[in-house]
Amino acid sequence: MNIPDIIIAVDGYSSTGKSSLAKKIARKFGFLYLDSGALYRGVTLFAQEERLISRLGRIDPALEKALEGLDLHFGSDGRLFMGARCIEQQIRSMEVSSQVSPVAAAPFVRAWVDGKLRLFGSRGRIVMDGRDIGTAVFPQAQLKIFMTASEEVRARRRYEEMKAKGESPLLEDVVKNLRERDYIDSHRDTNPLRRADDAFELDNSEMSFEEELAWVQGLVQGKFGIL
Ligand code: DC
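A brief structural summary. Small disclaimer: the values here were computed from a predicted structure and weren't measured. (Residues numbered from 1 in each chain as written. Predicted model: local features only at pLDDT ≥ 70, side-chain atom pairs only at ≥ 80, totals over all residues. Heavy atoms only, no water.)

## Comments concerning the pairing of strand β7 (residues 143-148)
- Of all six residues making up β7, six are buried, and the element is well covered by its neighbours.
- With burial as the criterion, each face of β7 is covered, one bearing L143, I145 and M147 and the other bearing K144, F146 and T148.
- With five bridges connecting them, strand β1 (residues 7-12) and β7 associate as parallel partners. The partner of V10 across the bridge, within β7, is I145.
- Summarising the sheet, β7 and strand β8 (residues 200-203) pair through four bridges and their orientation is parallel. Note on β8: the bridge partner recorded for T148 is D203. (Buried < 20%, exposed > 50% of the residue type's maximum accessible area, 1.4 Å probe, protein only. Helix = DSSP H or I, 4+ residues; strand = E, 2+ residues; numbered from the N terminus. Pairing = 2+ DSSP bridges.)

## Here's the deal with the site of the ligand
- What surrounds the ligand is a group of 15 residues, the closest being R41, R110, R131, D132 and R188.
- Contacts to the ligand include S101, whose side-chain N or O atom sits 3.1 Å from an oxygen atom.
- Separating a nitrogen atom of the ligand from a side-chain N or O atom of D132 is a distance of 2.9 Å.
- When isolated, the ligand has an accessible area of 450 Å², and the protein chains bury 96% of it. (Near = heavy atom within 4 Å. Polar contact = N/O pair within 3.5 Å; in protein donor to acceptor, adjacent residues only side chain to side chain. Areas by Shrake-Rupley, 256 points an atom, 1.4 Å probe, with all protein chains shown as cover.)

## Remarks on the nonpolar core
- Core analysis: the biggest nonpolar cluster contains 37 residues, and V43, L63, L72 and V109 have the highest contact counts within it.
- Those elements giving two or more residues to this core turn out to be β1, α2 (36-49), β3 (72-74), β4 (80-82), α4 (94-105), α5 (107-120), β6 (126-130) and α6 (133-137).
- Tallying contributions element by element places α2 first for this core, with seven residues.
- The residues contacting V109, other than those within four sequence positions of it, are Y40, V43, L63, L67 and V103.
- Residues I8, L143, I145 and L213 belong to the second largest nonpolar core, which totals 20 residues. (Core = buried A, V, L, I, M, F, W, Y, C linked by side-chain atoms within 4.5 Å. Contact = heavy atoms within 4.5 Å.)

## Remarks on the packing of helix α7 (residues 151-164) against helix α8 (residues 171-187)
- Following both chains from N to C, one finds α7 and α8 inclined at 120°, their axes separated by 9 Å at the closest point. The angle between α7 and α8 places the two elements in the oblique class. Crossing of α7 against α8: the hand is right-handed. Between α7 and α8, the residues in contact are E151, R154, A155, R156, R158, Y159 and M162 and L171, V174, V175, L178, R179, R181 and D182, respectively.
- Of the residues in the contact of α7 with α8, the class split is seven nonpolar, no polar and seven charged. (Axes fitted to C-alpha atoms, helices over the stretch in contact; angles between N-to-C directions. Parallel < 35°, antiparallel > 145°, perpendicular 65-115°, else oblique. Left-handed = near helix turned anticlockwise from the far one by under 90°. Nonpolar A, V, L, I, M, F, W, Y, C, P; charged D, E, K, R; others polar.)

## Let's talk about the packing of aromatic side chains
- Counting across every chain of the model gives three aromatic pairs.
- For the ring pair F29 and F31, a centre distance of 5.5 Å and an interplane angle of 70° mean the geometry is edge-to-face. Each of the two residues, F29 as well as F31, counts as buried.
- Ring geometry for F74 versus F120: centroids 5.9 Å apart, planes at 70°, classification edge-to-face. Linking F74 in strand β3 with F120 in helix α5, this pair joins segments that are 46 residues apart in sequence.
- In this structure F120 comes out as partly exposed when scored by relative accessible area, which is 29%. (Phe/Tyr/Trp six-rings, centres within 6.5 Å; stacked < 30°, edge-to-face > 60°.)

## Overview of the sheet that holds β4
- Strand order in this open sheet of three strands is β3-β4-β5, and the pairing throughout is antiparallel. With one partner strand each, in any of the chains shown, β3 and β5 (85-86) form the two edges of the open sheet.
- Note: β4 against β5, two bridges, orientation antiparallel. Looking across to β5, one finds that F81 is bridged to C86.
- On the sheet, α2 packs against β3, β4 and β5 and is oriented at approximately 30° with respect to β4.

Okay, structure coming up:
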């Protein structure tokens, strides 16, 4: 099977199942999977620990300079590290989730993250998920998928995910956080969340994971004649 060295961009709203699908596609093709949101979450955790963001989400301009010394990288198993410390669990907390969108809206944060993402993706054979991969980070990506699902389905998914990790969120807080993030992510000035003109839209509100996979396989087969 001859798979070209393509870049696959999986963008979309929060909790649409982007990472599950992107990981599965990567495994199937032997590609590298990269979660761009993890970097925004890592920067948010860093800003919180360095006290460079207020409780209301006001970012201290000193964060820009501080980022020069920040080492965020993925381990071989895909978990995010800050220096020698694995921060995978912390970056998924409600505390980080509630402040990540304002942090991700700062142009200097986006420039810092984009630089890292482009470096990671420079050789192709990569599946990257996020909000602006197909529109801004890799507009040249050969396959772009844009994922959506109803708010109810997405909130329920995030809620179950957090409970499975031993957290005790309130469903209404999860819904509130999703709404806020959707709004900020799609209304910010720099590279807002939107579907690229050449992206294929996947609404998985009423689809099983197997159906989603079959949809992607059909797409890849049609576009590249492989699988
Ligand atoms: O995919 P996620 O929920 O882990 O992303 C966390 C936040 O990071 C999300 O609210 C918006 C931001 N983000 C972004 O602005 N651009 C990306 N490419 C990925 C994530």
